[in-house]
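Overview (structure and organization)
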Amino acid sequence: MSETIGKQVAQLNKNSIDLEGTPLEPTSEIKSIWSMVHAEMRKEFGEAIFRSWLKPLTLQAYYHGTMEVSVPTRFMRDWIQTHYSKRISEMCAQENAEIKRVQIVVIQNNVIDAAPEVSVDTKKNSITSKSAALRDNIAEISSPLDQRFTFDSFVVGKPNALAHAAARRVCESASVPFNPLFIYGGVGLGKTHLMHAIAHSMAENFPEKVVMYLSAEKFMYQFVKALRANETMNFKEQFRSVDILMIDDIQFIAGKESTQEEFFHTFNALVDQNKQIIISADKSPSDLTGIDERLRSRLAWGLVADIHPSTYDLRLGILRSKREKLGAEVPDSVLEFLALKVTSNIRELEGALNRIVAHADVSNQEITLESTQEVLQDLLRSHDRRITIDEIQRKVADHYNLRLTDMHSARRARNVARPRQVAMYLAKLLTARSLPEIGRKFGGRDHTTVMHAIRKVEELMGDDAQIAQDVDVVRRALTG
Ligand code: ADP
Ligand code: MG
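Residues numbered from 1 in each chain as written. Chains lettered and ligands numbered in written order. Predicted model: local features only at pLDDT ≥ 70, side-chain atom pairs only at ≥ 80, totals over all residues. Heavy atoms only, no water.

Here we come to the site of ligand 1. Lining the immediate surroundings of ligand 1 are 17 residues, of which Val155, Gly188, Thr192, His193 and Glu350 lie closest. Gly188 places a polar main-chain atom, nitrogen or oxygen, 2.7 Å from an oxygen atom of ligand 1. Contact between ligand 1 and Arg347: an oxygen atom at 2.9 Å from a side-chain N or O atom of the residue. Burial of ligand 1 by the surrounding chains reaches 92%, relative to a free accessible area of 560 Å². Spatially, ligand 1 is embedded in the second largest pocket. (Near = heavy atom within 4 Å. Polar contact = N/O pair within 3.5 Å; in protein donor to acceptor, adjacent residues only side chain to side chain. Areas by Shrake-Rupley, 256 points an atom, 1.4 Å probe, with all protein chains shown as cover. 1 Å grid on protein atoms, 1.4 Å probe; cavity = no way out; pocket = protein on both sides within 12 Å on 5 of 7 lines; lining within 4 Å. Sits in = over half its atoms within 2 Å of the grid points.)

Here you go:
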């Protein structure tokens, strides 16, 4: 052991320049190992992730089994550390077993953050000379921003972690980390919230930059208006003069050929000028029907980040944060109940909480589980249509080609245990049975087992499209 280290030190001394505090120059062997590992990352993690996060990793030094690599921002370091560094260390160790760890340091002074500083300054001058009228115009075209939709009020959980991280990343760097940033997900999952958060944060971090945020619908409206008034040149100039263009709900221009055409040109012009574009949609670029193939492939060219359906934990987190903001006395049990029952989207979840808080205010009553059930009767009824646990077990067993007895048995093989967990989850979701009651119906299991099953299924639904689909299919079959 000490011999190896001794050898390394000797080698380091031979090959490195060691000025006080300056990192030791890595040997050519270490350099070539790093470039192999770097290339492997691209293969293993895929082009989009590589380009967004891993490409900037730069080898700085090597000492005592530690490979020191740098990234330009703290945020990138933290993200890589949590998501990729373990695997990167393994990859290095595979190339050479003496490499024990990879250390990521932040070096802000490299090209990525430093270079744009200069352009920001130049920009400032050009903007002041750019007519103030143009700025006013752009402010007029932009849609208003909701002051509540900030990063601070956005609760991060597994289903939205990537989209959130990508949004933060865009706001953090003066350069354009990926273009476009494309965020997609179902209704009410936080796309608009994130878009507004980016716009707020950009205005704060880079006040000299011109940010234009608008819905695709408004983009089309502006375009058609310009066409009618014979002012398309003006329109083009306005859109091409922004630094950051954000278009919400791009699916709206599906089937609208000339608007798409114009958007395509605007898009290309901005990308050519290295201006950031951020798009949201309800579907991934490849699933956007009615949008021209050329445009779809352009949309997928940067970073595509999806927001998955919310999980129990995320819904609970959002409710807690909302409770704090409202300053209302809402028992945890009520929040847990809501997180379990109101699963369709976050907007509905917030609406449910607002309703019970408003009701308690008006009636001057405490909020309890009972009062919640009463106030939200109509909302909850749609979820509770007298479905029995037996029915759920039958449907789940059918769906997974199992026997009904597998729902009660003690077998723990995954192909049986997982469907059983799905059935428990649906039992809690679709019936008014308590956890112990559900446990009894599943071969006398404990209520903590049921709780665990519910959490597990929630979590899997966020990660695994197959499970999410299975649950959805059975649920639809049950609720008709
Ligand atoms: P979308 O644009 O995806 O349809 P929105 O951004 O309008 O959804 O979100 C709907 C509501 O849910 C908004 O009030 C928003 O603040 C809230 N919301 C969604 N996701 C979150 C989150 N992660 N944290 C806090 N609030 C959220
Ligand atoms: Mg929206």
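Next comes the rest of the account.
So, about the layout of surface pockets. Reported here for the largest pocket is a volume of approximately 890 Å³. Forming the walls of the largest pocket are 31 residues, and the residues nearest its centre are Pro309, Ser344, Met461, Asp472 and Arg475. Mapped onto the lining of the largest pocket, the elements with two or more residues apiece are strand E4 (181–185), strand E8 (303–307), helix H20 (414–430), helix H22 (447–463) and helix H23 (465–479). The element contributing the most residues to the lining of the largest pocket is H23, with 8 residues. The class makeup of the residues in the lining of the largest pocket is 13 nonpolar, 11 polar and 7 charged. Taken as a whole, the second largest pocket holds about 710 Å³ of empty space. Around the second largest pocket sit 29 residues that line it, and Phe149, Gly190, His193, Ile346 and Glu350 are the ones nearest its centre. Contributing elements (two or more residues each) for the lining of the second largest pocket: helix H9 (191–205), helix H14 (312–326) and helix H16 (346–363). Residue contributions to the lining of the second largest pocket peak at 6 residues, all from H14. Looking at the lining of the second largest pocket residue by residue, the classes come out as 11 nonpolar, 10 polar and 8 charged. (Points joined across faces, edges and corners; volume = space filled by probe spheres on them. Helix = DSSP H or I, 4+ residues; strand = E, 2+ residues; numbered from the N terminus. Nonpolar A, V, L, I, M, F, W, Y, C, P; charged D, E, K, R; others polar.)

The subject of this paragraph is H16. The first and last C-alpha atoms of H16 sit 26 Å apart over 18 residues, in line with the 26 Å expected at 1.5 Å per residue. Three or more residues of H16 are buried, namely Ile346, Leu349, Ala352, Leu353, Ile356, Val357 and Ala360. The buried residues of H16 occupy an angular sector of 130° when the element is viewed end-on, so they sit on one face. Away from its buried face, by an angle of more than 90 degrees, H16 presents the exposed residues Arg347, Asp361 and Val362. Taken from the residues just after H16, Asn364 is the one with a positive phi, measuring 60°. (Expected span 1.5 Å × (residues − 1). Buried < 20%, exposed > 50% of the residue type's maximum accessible area, 1.4 Å probe, protein only. Arc of directions from axis to C-beta.)

The next subject is the sheet that holds strand E2 (residues 66–71). Strand pairing within a sheet occurs via backbone hydrogen bonds; the two strands may be parallel or antiparallel. Spatial strand order, E1-E2-E3: 3 strands in an open sheet with mixed pairing. Each edge of the sheet is formed by a strand with only one pairing partner; in this case those strands are strand E1 (58–63) and strand E3 (101–106). Within the sheet, the average angular offset between the axes of one strand and its neighbour, ignoring direction, is 30°. With 5 bridges joining them, E1 and E2 adopt antiparallel strand pairing. Bridge pairing links Tyr62 to Met67 in E2. In the packing of helix H2 (residues 28–45) onto the sheet, the strands contacted are E1 and E2, and the crossing angle to E1 comes to about 135°. On top of the sheet, helix H5 (residues 85–95) reaches E2 and E3; it is set at about 130° to E3, its chief contact. (Pairing = 2+ DSSP bridges. Axes fitted to C-alpha atoms, helices over the stretch in contact; angles between N-to-C directions. Contact = heavy atoms within 4.5 Å.)

Let us now look at empty space enclosed by the protein. The full count for this structure, using the stated rule, is 1 cavity of 30 Å³ or more. Of the pockets and cavities examined, the largest cavity occupies roughly 40 Å³. Lining the largest cavity, in full, are Ile356, His359, Ala360, Ser363, Gln365, Glu366, Ile367, Ser371, Thr372 and Val375. Broken down by secondary-structure element, the contributors of at least two residues to the lining of the largest cavity are H16 and helix H17 (369–375). Top contributing element to the lining of the largest cavity by residue count: H16, with 4 residues.

We now examine the environment of Ser333. Along the chain, Ser333 falls in helix H15 (residues 332–341). For Ser333, a relative accessible area of 36% translates into the label partly exposed. In this structure, the C-alpha to C-alpha distance between Ser333 and Leu369, residues 36 residues apart in sequence, is 7.0 Å.

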